[in-house]
Each structure stands twice: as C-alpha cells, then as structure tokens.
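# Architecture and fold: a report
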Amino acid sequence: MSFSDIKSLTNAELRNFLAENGQKPYRAEQIRVWLYKNMAESFEGMNVPKELCELLEKTFRIKSLTQETRLESSDGTVKWLYKTADGLPVETVMIPTETRASVCVSTQSGCAMGCAFCRTGKMGLNRSLEAGEILEQIINVWRIQTVTNVIFMGMGEPLMNLESVHRACETLHDQKAFSMGKGRLTVSTSGVVPKIAELLERNTPCQLAVSLVAADNETRASLMPVNKSWALPELLEGIDNYIRKSDEWVTLEYILIKGKTCSPKAAADLIKIVKPRRCKVNAIVLNDCEDPNLQAPSQEEIDEFMRLVRSEAVQINIRNPRGRDIFAACGQLAMRL
Ligand code: SF4
C-alpha cells in the first residue's frame, strides 16, 4: 500500500520505509512526535538530519488540505471547507459545549450512500480519504483548541473507508500521538453490516453509532438505499453480534421526520428495537433538506413521541441541532469548491 500523506502511515510502516532507505528506524518515533505532538506543518520544521528531511520531502506530503472557507455559527459551531491536493471538497465541523469540543470529520469527499435526507448524499462520491487527510482535519482544530471527542460522521460512509478510519483511530488512540480514549472516538455507519463485524475483528479503538433513522423496515428502505442491501432485521443482527462480542453500548441515531418517524406507531417500533438491547438513542429533528416530502415534525409531535418512548424507560436524548445557520448540522454538508 502506498500513501502520499505521511500521516497515513503506521509507526511500523514508517520504520520499514526508513530502514529500506538506509535511515535509522528509531527516527520514525521522532517523526511521529513532530507530526502529532508538535503538529509540524513542514518537514523542514522538524529537527531531523537534512538528508532524511530531503527523503521525506520527495516521498510524502505533510499537508494535504487547503482551507477554502471558515464559517462560524451564532451557536459557536465552526465549519471548515477544505480542498484536497487533487481539488476535492472536504468539510469538517467543530461543535463546542461548555465542557467539550467535538470534531465531526469527513471520511470521504461526497458520499455514495444516497440517503434521502442528506445533502452530501446528493453529491455522489468523489473518493475516499487517506488516513492522513482524516487526521489533518482534526489536527487543524487541535491547533486552535483541545479536541475532546471525534465523531466520524461528516461527509461519507466511514465503514466504506474502513482501512483509513482504522488507521486514523489508531493514531488518535496512540499514547505517543493523541492519546484519546476509545470512548472519545465514535464511528458512525448508515448500516454496512459486514463492515460492522470487520470493525470489531480489527479491534479498532472506537465506539459504534448506527444511523437507524427509522424503526420499521419499509420506512427505512424509503429513506436509506443501504437498507436494500442490508435490511433492518440483518442490521439488528449485526448490532447484536457487535454488542455480544464487544460488551459495549451502541448509539442509534434516529431522525424525527413528520408523518414518517414521529408517530405513536413509530415510537412503538423504536421501543421494540431498543428495549431489549444495550442501545441508547440520539434523536435529531430533521434538518433543512432539499426534498419537499421530508419535513420536520411540530414541537407537539416531537414532545408526544419523546414522552411515549421515555414512558418505556428507553434511553433517548434529543440532540439540539447545532450550526444550522451555516449548514453544518447533520445531513447538511455539501459545500462546493
Ligand atoms: S447520511 Fe451519511 S451515509 Fe447517508 S448520504 Fe449522508 S453522508 Fe452518506
């Protein structure tokens, strides 16, 4: 496997590369300190021998993204639009609260999954990002402030780019790099069932979130084409396997959509799914979306839905939409260069 961004390499790969090129392998650890602790922006800025610096310069990129736009919401959420070296758009969102700064990263430029409620889905897929391009989104925020949580839920389906997501999680978790606990890293999938099993097999240091979106098979299939490949019963089986083997909780993302997922029947369907499982639900009210058939429910409908679900002691939180005014909320990432 060859990478253009040095941050995409594991420590072992970097050591091998150095050894193959007549350099001391231990320099790999030094280079990684420069990359992740000192957040060096150029090879020149690293305190390594000149010959090594030249070798790195001619082999790798240390910077892969160019900032095109920075937008700040009235609620403090910040969204960046970057351009990759081959000219593709990538968006990153930072969501601050009193105690946290969560970064929502993109794992692909665009997305092939085509979810009906998502603007990124309308773009189609440009390409998957390298691990270095994913990490750079986080490093760019880290230069400004400490990042407490990373959510792989920006542009793209993370599990369709599992190799890069795994590498990025490993580096974020690595004590010699960012030292982030696995509870602070969340990988979210639209429901690519075989890759959920692979995530577990690879022991990727992260938590799992699944975009359930709707709790009955027909409604889910109408909103998410992925449901045609892996229908709701298969997805639930995949989640059950994950919970059984990992002994972890899984977060289910649920979208409140008028006339589709916010009725008393939908509440009953959701309860049936969540109650017997180690799952908690994050409900999000549908954000502004291009499809006129998809609307947000009224406050009364939302309140009634939440009351019904909570009456069965199901753990459900409603997430306040953040960054709507700058199109940084869920399903809204689709800026063009
Ligand atoms: S919701 Fe996620 S998986 Fe679905 S189209 Fe949007 S970015 Fe892709």
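Reference entry: report on the structure contained in this document. These numbers were taken from a predicted model, which means no experiment stands behind them.

## Focus on the packing of aromatic side chains
Summed over the entire model, instances satisfying the criterion amount to four aromatic pairs. When the ring of Tyr36 is compared with that of Phe178, the centres are 5.5 Å apart and the planes differ by 55°; the resulting orientation is tilted. Residue Tyr36 is located in helix H2 (residues 27-37), and its partner Phe178 is located in the loop between helix H6 (162-173) and strand E8 (185-189); the two are separated by 142 residues in the primary sequence.

## Quick word on the pattern of salt bridges
Once the charged atoms of two side chains with opposite charge are near each other, the side chains can pair. All chains considered together, the criterion is met by 24 salt bridges. With its nearest N and O atoms 2.9 Å apart, the salt bridge here joins Arg15 to Glu29. Here Arg15 is found in helix H1 (residues 11-20), whereas its partner Glu29 is found in helix H2, with 14 residues between them in sequence. Exposure remark for Glu29: the relative accessible area of 26% places this residue in the partly exposed category. Residue Glu41 is joined to Arg143 by a salt bridge in which the shortest nitrogen-to-oxygen separation is 3.9 Å.

## Description of the side chain of Arg167
Tracing the sequence through the fold places Arg167 in helix H6. When its relative accessible area of 10% is taken as the criterion, Arg167 is described as buried. Within the local environment of Arg167, its side chain forms a polar contact with the side chain of Glu13, the two groups lying 2.6 Å apart.

Basis of the calculations
- Residues numbered from 1 in each chain as written.
- Predicted model: local features only at pLDDT ≥ 70, side-chain atom pairs only at ≥ 80, totals over all residues.
- Heavy atoms only, no water.
- Phe/Tyr/Trp six-rings, centres within 6.5 Å; stacked < 30°, edge-to-face > 60°.
- Helix = DSSP H or I, 4+ residues; strand = E, 2+ residues; numbered from the N terminus.
- Salt bridge = Lys/Arg side-chain N within 4 Å of Asp/Glu carboxyl O.
- Buried < 20%, exposed > 50% of the residue type's maximum accessible area, 1.4 Å probe, protein only.
- Polar contact = N/O pair within 3.5 Å; in protein donor to acceptor, adjacent residues only side chain to side chain.

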